[in-house]
Amino acid sequence: MLGKCLAALGIMTWLVAAGLAHAQDKVRVVATFSILADLAKNVGGDAVEVASLVGPNGDAHAYAPSPADAKLLADAKLVLVNGLGFEGWIDRLVKASGTKAQVVAASKGVKARHAKGEPGHGHGHDHGTSDPHAWQSVANAKIYVGNIRDALVKADPEAKSTYEANASAYLAKLDALDREVKATIAAIPAARRKIITTHDAFGYFAAAYDVQFIAPQGVSTEAEVSARDLAKIIRQVKAQKIPAVFMENVTDPRLMRRIAEETGAKIGGKLYSDALSEPSGPAPTYIDMMKNNLKEFSAALAG
Ligand code: ZN
């Protein structure tokens, strides 16, 4: 009896130890922001442990990294960044952390859009001239997923078949999402497909799905909006009869409220542009985020 118990205990101890060993074997991946972290979780599945530097509802344009972030990077096997000038703070952080991790730009291979009306004068930051928000087109998100898959296979070749299977299952979901976005936008009359957002985060969405976006702030949330720019937008909203203005989770809502007051445009719901919501919110994953934005667009723009 005692022998049996000891044997059972032994097996249990072994199982617990094996479980712990397994947890420690997970590939540590750090993504710079929540949207990228979600894509990495979908491709990595149980084989990875993903941390995001900028959390839900956080603004990656204006992020100030902490010593804890440097530690995360130092312990990582793979660091995923968006690239295209999105994370102006990342190179210095990588250097300071001394990490040996592979640093991969998930947007590699995306056809970069040039930022229109790039501010860049007198505000002390250099954002380059590309629009970084490539993930807002699902076709680009698929390119991200391919890059993440390849980077994980390189970092952890033993789990190659897992990453490939996870990626292809997730890519099929993204194909379905892309079809849904196209069908939903197509149902909105073309003349009403005009949207105002605070910062210019939807250029890739606009190009992919034939919606016109106007944004007073340019492609970075760090830009200041001049009185002249604001007056120009207000004239444009009135002249083009733009039906709705939208709040974003990463920007100050006051500017949009002011434009709505001065033009009579209605205030649409909250869009998730550069960050996911909290897990309990309406946009805890990339797919949920795209569906949430789509729902808000069609609710505000449907004739
Ligand atoms: Zn942005």
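All of these numbers come straight from a predicted model, not from anything done at the bench.

A short note on the overall build of the chain
A count of helical and extended segments in the chain gives 10 helices and 10 strands. Within the chain, the fraction of its 303 residues that count as buried is 49%. For the chain, the accessible surface area stands at approximately 14600 Å², while carbon and sulfur atoms represent 56% of it.

Digging into unusual backbone geometry
If you check the backbone angles, Asp210 has positive phi at about 60° while not being a glycine. Along the polypeptide, Asp210 turns up in the loop between helix H7 (203–209) and strand S8 (212–214).

With respect to the sheet that holds strand S10 (residues 266–271)
Taken in spatial order, the four strands make up an open sheet running S8-S7-S9-S10, and their pairing is parallel. On the outer flanks of this sheet lie S8 and S10, each paired with one strand and no other. The sheet shows a mean angle of 30° between the axes of neighbouring strands, direction not considered. Bridge count between strand S7 (residues 194–196) and S8: three bridges; the pairing is parallel. Directly across from Lys194, in S8, lies its bridge partner Gln212. Sheet contacts for helix H9 (residues 254–263): S7, strand S9 (244–248) and S10; angle to S9, the most-contacted strand, approximately 170°.

Quick look at the side chain of Asp178
Relative to the assigned elements, Asp178 resides in helix H6 (residues 160–186). What Asp178 contacts, discounting residues up to four positions off in sequence, is Val138, Ala139 and Tyr209.

Structural notes on the coordination of the zinc ion
On the protein side, the zinc ion has His61 (NE2), His133 (NE2), His199 (NE2) and Asp274 (OD) as donor atoms, found 1.9 to 2.0 Å from it. In this structure, the zinc ion is coordinated by four donor atoms arranged in tetrahedral fashion, with angles at the metal of 96 to 119°. All donor residues of the zinc ion come from one chain, and their arrangement in sequence is H-x71-H-x65-H-x74-D. In this pair, His61 is assigned in the loop between strand S2 (48–54) and helix H3 (67–75) and Asp274 in the loop between S10 and helix H10 (286–301), connecting sequence segments 213 residues apart. Taken individually, His61 and Asp274 each receive the classification buried, so the pair is uniform in this respect.

What about the packing of aromatic side chains?
All chains considered together, the criterion is met by 12 aromatic pairs. Ring centres 5.7 Å apart and planes at 70° place the aromatic pair Phe213 and Phe297 in the edge-to-face group. Here the residue Phe213 occupies a position in strand S8, and Phe297 occupies one in helix H10, the gap between them amounting to 84 residues. On the basis of relative accessible area, Phe297 is assigned to the buried category, the value being 0%. Grouped by ring-pair contacts, the aromatic residues Phe202, Phe205, Tyr209, Phe213, Phe246 and Phe297 constitute a single cluster.

A look at the environment of Met289
Within the secondary structure, Met289 sits in helix H10. Measuring from C-alpha to C-alpha, the distance between Met289 and Ser277 comes to 8.1 Å, with 12 residues separating the pair along the chain. Those residues in contact with Met289 that sit more than four places away from it in its chain are Ile35, Trp135, Gln136, Tyr272, Ala275, Leu276 and Ala283.

Considering the confidence of the model for the chain
This prediction gives the chain a mean pLDDT of 89; 87% of its residues lie at or above 70. Low confidence marks residues 118–127, where pLDDT is under 50. Its contacts with residues over four positions away, or in another chain, come to 10 contacts.

Here's the deal with the pairing of strand S1 (residues 27–33)
With six of its seven residues buried, S1 lies for the most part within the structure. Of the strand pairs in this sheet, S1 and S2 are connected by six bridges, and their pairing is parallel. Residue pairing in the sheet places Val30 in a bridge with Ala51 of S2. Remark: the S1/helix H2 (residues 34–44)/S2 crossover connection has right-handed handedness.

What about the nonpolar core?
Counting residues in hydrophobic clusters, the biggest one holds 76 residues, and the most contacted among them are Val29, Leu80, Leu174, Phe205, Tyr286, Met289 and Phe297. Split by domain, the residues of this core number at least three in each of domain 1 (25–177) and domain 2 (185–301). Among all residues touching Val29, those that are not within four sequence positions of it are Ala40, Val48, Glu49, Val50, Ala51, Leu78, Leu80 and Leu152. Of all hydrophobic cores here, the second largest spans 14 residues; its members include Ile196, Ile233, Val245 and Leu255.

Calculation criteria
- Residues numbered from 1 in each chain as written.
- Predicted model: local features only at pLDDT ≥ 70, side-chain atom pairs only at ≥ 80, totals over all residues.
- Heavy atoms only, no water.
- Helix = DSSP H or I, 4+ residues; strand = E, 2+ residues; numbered from the N terminus.
- Buried < 20%, exposed > 50% of the residue type's maximum accessible area, 1.4 Å probe, protein only.
- Areas by Shrake-Rupley, 256 points an atom, 1.4 Å probe, with all protein chains shown as cover.
- Pairing = 2+ DSSP bridges.
- Axes fitted to C-alpha atoms, helices over the stretch in contact; angles between N-to-C directions.
- Contact = heavy atoms within 4.5 Å.
- Donors = N, O, S within 2.8 Å, 3.2 Å for Na, K, Ca; no water.
- Tetrahedral: all angles 85-135°; square planar, octahedral: opposite > 155°, others 65-115°.
- Phe/Tyr/Trp six-rings, centres within 6.5 Å; stacked < 30°, edge-to-face > 60°.
- pLDDT = per-residue confidence, 0-100.
- Right-handed = clockwise from strand over helix to strand, strands pointing away.
- Core = buried A, V, L, I, M, F, W, Y, C linked by side-chain atoms within 4.5 Å.
- Domains from an automatic or database assignment.

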